[in-house]
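# Survey of secondary and tertiary structure
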Amino acid sequence: MEFVVEEGKRVNEECSTLILPALSIGNVGQLAVDLLVSSTGANRVGYLDDPNLLPCVGNDAYGPLPCGDIALPLEVYESPSSATTLAQQRSTVAKGMMIKFAENIADFAASSGKKHVIVLSSLDFQRLHHNLDMSRCVLLLGNYFRGPQVYYLSNVEANGRDEHCERLGFGRLNEYDSEGRCWKYLSSVFDENCKEELTFPSEDELEDIDYYPSLPFAALFSAFKARGLKVTCLLCYCSEGDNIPDAFLLAEAASKLTGLTPDKFHGEEGGKWQIPYSWKSMYGAPPDMSIF
Amino acid sequence: MPEVPFSGNTVESSLQDKSCNIHSLTSSSTDDKSSILLVSVQLHVSPERSNLVLRLLICQDIITKRVIIMDSIQSRNFRGRLSPDETLAAKLETSSEKKAATTSRVNLDYFPSGSVIDGLSASLLSRCQVKNIRCSLVVSWPEFGPSVIRFVGALLKSIVPSLDVGSVNKDLEKYSSRKDAWIESDLYT
C-alpha cells in the first residue's frame, strides 16, 4: 500500500487519531465517514493506493458543488482542528484479500504515527434478534429498543472492554471472545511471532459464533491491535435500506469518543452536520412523472 | 489472462477478436517526435484483473505523457436517468489534466457526483492520478448504437485530427449493435 500525498498538501503530524470504515451491511461506516468529512471540513491530503482494493472513481463527493476533483477508492482527509485523520474507503476489497488489506492499512497507521484508530461499521440486525437474551431486552414494537444503540469493541482490556466507552453509554460487544477459534486465527495471522498455524473455518464449517470475526471490522481490529495501536470499533445493528439515520448514530458516537463537539463542525448555520453533496442522489433519479 | 480463450481470434487484428490490441500512430512531422498509441480493449477485464492489465499498459514499458480513456456509462453504477434514445457523455480528469490549458482538454461536463465508474478504466484513471499523469476518462451512453459511435468518432477526430474516422464509421456501426451482442458469448468461437 502506497500513501501518496496530494500535490501541494502536507500531512499534519498532530493528527494522531484515525477514523475509518469497515465495509458492512448498509455501508453505514462509509456513510458515517462521509458525514464526518463533510461536517468537519476535513481536507483531502492524499490517497492510499492498494492493489487489494477493487477500482472505482467518481466526481467529488462532498461539494458544496462537484468541481471535477476525482474521488479514488481510498482517500485520506485531515481535520487539524480536531487532530483527526479520516480515511474513506469507496470500493470493496478483492475476495480473499481482506487479511492483506488489513495488514497494509495497519502498517500505514503505525508508520504515520497514529495513536488511536476508530473503526466504524455495522452488524446485521437479524443477528441481534437471534442473540436476544434477557440482559438486552429488545422490544420490537414500532422499532423501540431498550438497550444501547451503539456497541463497541476495544483492545484497552483483554475482554474488549473500555471504561471510557462504558461511561459514554456504548454497549460492549459481548460476542467478542479472544479465545474463540476465529478470533484466535485473526490474532495469529497478524502476529509475526506466532508459531501456531491456525486455519479459518471454511464456509460450510462456519457457525453463528463465527459471524462477528468473519466481518471486515474484525480483521482491521486484529491488525491494528497487533501493531500496538489503541483500536476501538464502533458498531450499530441495522438492516439494508435507508441507513442515513444509522450513519448519524455512528458519526455522533465517533464524535463523542474523540471529544468532538458539533460547534467545532463547519456545517450550515454554524456547528451542525453537513450532508455530503453525493447523498442528494443516493436513491437514484426521481420517478418519471410523465407516466402519470 | 488464462480465463480468456483465444480460440476464434484472427492473426490480423479484427474487431471481433477477444484481444487487447495496441496500435501506433506516429506523426509524419519531422518536428514532432511524439507518437500516439491507440489501445483497443476488446475483452472483458474483471475488476480483480484490472490492476494487472493497467500495469502492462501504462506502468511498465509504456511511458505516457497523457492518457485518454473511453468507456461506457455503467447503468448499474449511475444514479441518474439513462434513456436508450438519448446520447450522453461526461468526463473525469486527473488533477494534472485539470491544470492544463482549457483548449487542450476534452470539452464535456463532469460526471455527476454520487455515480461511480469501476473496472479497468477506473483503475487506469486512478493510477494516472496517483502518478500525476494527465488523463481524461470519457464515458458515454448508450453502450451500443450508431449515435454513440458517431459521438466517439467525432471525439477521436478532435483529439487526433489526422485520424480518418469517416471511412470506418460504417464498419463500427455494424459491430456496435446490441442485437449482435450474443455473438460475443464465450460459448461460441
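Structural notes, computed from the coordinates. (Residues numbered from 1 in each chain as written. Chains lettered and ligands numbered in written order. Predicted model: local features only at pLDDT ≥ 70, side-chain atom pairs only at ≥ 80, totals over all residues. Heavy atoms only, no water.)

Moving on to the overall build of chain B. The number of helices and strands found in chain B is five helices and six strands. The order of α-helices and β-strands along chain B, N terminus first, is β-β-α-β-β-α-β-α-β-α-α. A total of 189 residues make up chain B; the buried ones form 38% of that total. Taking the contacts inside chain B whose residues are at least 6 apart along the sequence as the reference set, 65% of them involve residues at least 24 apart. For chain B, the exposed surface amounts to about 11,200 Å²; the carbon and sulfur share of it is 54%. (Helix = DSSP H or I, 4+ residues; strand = E, 2+ residues; numbered from the N terminus. Buried < 20%, exposed > 50% of the residue type's maximum accessible area, 1.4 Å probe, protein only. Contact = heavy atoms within 4.5 Å. Areas by Shrake-Rupley, 256 points an atom, 1.4 Å probe, with all protein chains shown as cover.)

The next thing to look at is the interface of chain A and chain B. Accessible area lost upon the coming together of the parts serves often as the stated size of an interface. The interface of chain A with chain B comprises 32 residues on the first partner and 33 residues on the second. Approximately 2,300 Å² of surface area, both sides summed, lies buried where chain A meets chain B, with 54% of it carried by carbon and sulfur atoms. Of all residues in chain A, the largest losses of buried area upon contact with chain B belong to P55, V57 and I70 of chain A, amounting jointly to 26% of the total for that side. On inspection of chain A and its partner chain B, the count reaches three salt bridges. The partner of E7 of chain A in a salt bridge is K99 of chain B, with the nearest N and O atoms 3.0 Å apart. Along the contact surface separating chain A from chain B lie 10 residue pairs in polar contact (both at pLDDT 80 or more). Every element with two or more residues in the side of chain A that touches chain B is listed here: strand 1 (2–5), strand 3 (43–49) and strand 4 (56–59) of chain A. Of the residues belonging to the side of chain A that touches chain B, the class tally is 20 nonpolar, six polar and six charged. Note that strand 4 of chain A and strand 5 (residues 116–118) of chain B share three bridges and pair antiparallel. What sits directly across from C56 of chain A, in strand 5 of chain B, is D118 of chain B. (Buried area = accessible area lost by both parts, 1.4 Å probe. Salt bridge = Lys/Arg side-chain N within 4 Å of Asp/Glu carboxyl O. Polar contact = N/O pair within 3.5 Å; in protein donor to acceptor, adjacent residues only side chain to side chain. Nonpolar A, V, L, I, M, F, W, Y, C, P; charged D, E, K, R; others polar. Pairing = 2+ DSSP bridges.)

Residue and element names in this part refer to chain A. Contact geometry for helix 2 (residues 98–111) and helix 5 (residues 181–190): axes closest at 11 Å, N-to-C directions at 55 degrees. The orientation of helix 2 relative to helix 5 falls into the category oblique. Both helix 2 and helix 5 take part in a crossing whose hand is right-handed. Contacts between helix 2 and helix 5 involve I99, A102 and E103 on the former and, on the latter, L186, V189 and F190. In the contact of helix 2 with helix 5, the residues fall into five nonpolar, no polar and one charged. (Axes fitted to C-alpha atoms, helices over the stretch in contact; angles between N-to-C directions. Parallel < 35°, antiparallel > 145°, perpendicular 65-115°, else oblique. Left-handed = near helix turned anticlockwise from the far one by under 90°.)

The next thing to look at is the environment of S40 of chain B. Residues and elements named next belong to chain B. As for its position among the elements, S40 is in strand 2 (residues 35–41). Relative accessible area serves as the criterion here: at 23%, S40 is assigned to the partly exposed category. Remark: the alpha-carbon pair of S40 and S14, spanning 26 residues in sequence, is separated by 10 Å. Apart from residues no more than four positions distant in its own chain, S40 is found in contact with S19, C20 and N21. For S40, the side chain forms a polar contact with the side chain of Q42, separated by 2.8 Å.

This part covers helix 1 (residues 47–59) of chain B. Residues and elements named next belong to chain B. Over its 13 residues, helix 1 extends 17 Å from the first C-alpha to the last, a length consistent with the 18 Å expected when each residue adds 1.5 Å. The largest bend in helix 1 amounts to roughly 25 degrees and is located at V53. Along helix 1, the residues that are buried comprise S50, N51, V53, L54, L57 and I58. (Expected span 1.5 Å × (residues − 1). Bend = angle between axes of the 7 residues up to and from the residue.)

For sheets, the rule is that strands pair by backbone hydrogen bonds, running either parallel or antiparallel. Residues and elements named next belong to chain B. Taking strand neighbours across the sheet as the criterion, the three strands line up as 3-6-4 in an open arrangement whose pairing is mixed. Looking along the sheet, the strands with just one partner apiece sit at the ends: strand 3 (66–72) and strand 4 (88–93). For this sheet the average axis-to-axis angle between neighbouring strands, irrespective of direction, equals 20 degrees. Sitting on the sheet, helix 3 (residues 120–130) touches strand 3, strand 4 and strand 6 (134–141), and the angle it makes with strand 3 is about 155 degrees.

Look at helix 1 (residues 28–40) of chain A: 18 Å from first C-alpha to last across 13 residues, which is about the 18 Å you get at 1.5 Å a residue. Phi for G41 of chain A, located one or two positions after helix 1 of chain A, is positive at around 65 degrees.

Here we take up the pairing of strand 8 (residues 116–124) of chain A. Residues and elements named next belong to chain A. Of all the nine residues making up strand 8, eight are buried; the element is thus mostly covered by neighbouring parts of the structure. Both strand 2 (residues 17–21) and strand 8 contribute to a ladder of five bridges, which runs parallel. Among the inter-strand pairings, L18 is bridged to a residue of strand 8, identified as V117. Two strands pair when backbone bridges link them, and strand 8 and strand 13 (residues 230–238) are joined in this way by nine bridges, in the parallel orientation. The residue bridging V119 from the neighbouring strand is C233, located in strand 13.

The next thing to look at is the sheet that holds strand 13 of chain A. Residue and element names in this part refer to chain A. Reading across from one edge, 1-3-6-7-2-8-13-11-12 is the order of the nine strands in this open sheet, with mixed pairing throughout. Lying at the two open borders of the sheet, with one neighbouring strand each, are strand 1 and strand 12 (171–172). Its contacts with the sheet place helix 1 against strand 2, strand 6 (74–79), strand 7 (84–89), strand 8 and strand 13, and it is angled at close to 135 degrees to strand 7. Strand contacts of helix 7 (residues 244–258): strand 2, strand 8 and strand 13, with the helix running at about 155 degrees to strand 13, the strand carrying the most contacts.

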